[in-house]
Amino acid sequence: MSYWEIFVIGVGLSMDAFAVSVCKGLSVKKIKPKHCLIAGGYFGGFQALMPLIGWLLGRQLEGLIKSFDHWIAFVLLALIGANMIREAFGDEESQDSSFSPKTMLPLAVATSIDALAVGVTFAFLDVSILPAALCIGVTTFALSVVGIRTGAVFGAKFQSKAEIAGGAVLIIMGLKILIEHLFFGG
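What counts, and where the lines are drawn
- Residues numbered from 1 in each chain as written.
- Predicted model: local features only at pLDDT ≥ 70, side-chain atom pairs only at ≥ 80, totals over all residues.
- Heavy atoms only, no water.
- Helix = DSSP H or I, 4+ residues; strand = E, 2+ residues; numbered from the N terminus.
- Buried < 20%, exposed > 50% of the residue type's maximum accessible area, 1.4 Å probe, protein only.
- Contact = heavy atoms within 4.5 Å.
- Areas by Shrake-Rupley, 256 points an atom, 1.4 Å probe, with all protein chains shown as cover.
- Axes fitted to C-alpha atoms, helices over the stretch in contact; angles between N-to-C directions.
- Parallel < 35°, antiparallel > 145°, perpendicular 65-115°, else oblique.
- Patch = residues over 30% accessible without salt bridge, like charges linked within 9 Å, V, L, I, M, F, W, Y side chains within 5 Å.
- Salt bridge = Lys/Arg side-chain N within 4 Å of Asp/Glu carboxyl O.

**Student:** Whenever I open this one, the overall build of the protein confuses me. Can you help?
**Tutor:** Helix and strand content of the protein: 6 helices and 0 strands. Classification of the 186 residues of the protein by burial places 47% in the buried group. Taking as baseline every contact in the protein between residues at least 6 positions apart, the subset at least 24 positions apart corresponds to 94%. Carbon and sulfur atoms provide 71% of the accessible area of the protein, an area that totals close to 9100 Å².

**Student:** Can you walk me through the packing of helix α1 (residues 3-27) against helix α4 (residues 101-124) in this structure?
**Tutor:** Packed helix pairs are characterised by how far apart their axes lie and by the angle those axes make with each other. One can describe the packing of α1 onto α4 by two numbers: an axis separation of 10 Å at closest approach and a directional angle of 170 degrees. Judged by the angle between their axes, α1 and α4 are roughly antiparallel. Residue-level contacts link Ile-9, Leu-13, Asp-16, Ala-17, Val-20 and Lys-24 of α1 to Thr-103, Met-104, Leu-107, Thr-111, Asp-114, Ala-115, Val-118 and Phe-122 of α4.

**Student:** Any chance you could explain a nonpolar patch on the surface here in plain terms?
**Tutor:** A cluster of nonpolar side chains, contributed by Phe-68, Trp-71, Leu-175, Ile-179, Leu-182, Phe-183 and Phe-184, occupies part of the molecular surface with about 740 Å² of accessible area. For the nonpolar patch, the element with the most residues is helix α6 (residues 159-184), which contributes 5 residues. Assignment of secondary structure puts Ile-179 in helix α6.

Shown next as structure tokens:
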């Protein structure tokens, strides 16, 4: 898997964190640089950590499921993407204005669960996990900072669009993996 493809997956995975960051930006009367750094640190850090954990789990199971790993990658990415799109059409979530660990930790974990499943997929695809996790974490950090600023400026207008775009990207990447394996021996 190329770095470009990992970056695209990172953008897709970042859309939940971006959407939550937009809401956090809406909830604060005056945005300060520390708000951007806190959100980026939590979301980017967990988005980098979760693929590592998923990759470790996937490596433990690799020998058992190597013959159908491409199907697992496709199903996981498609389900994650479909769930993101479904959530985009759900009720708006209210956000409090706190950036305390008590508030940010659950948000960071919740928005990075998808990255855990992607990490499992990376184990089956023999992706070099450290650069991939770093790319996903940095991408999420940057998009979370942009999300805070966007929330402060534009409001909730972009939240559902970001989730739909992120979900579509993950579904497309899952299809690409499946097609490459089935038709090109990838």
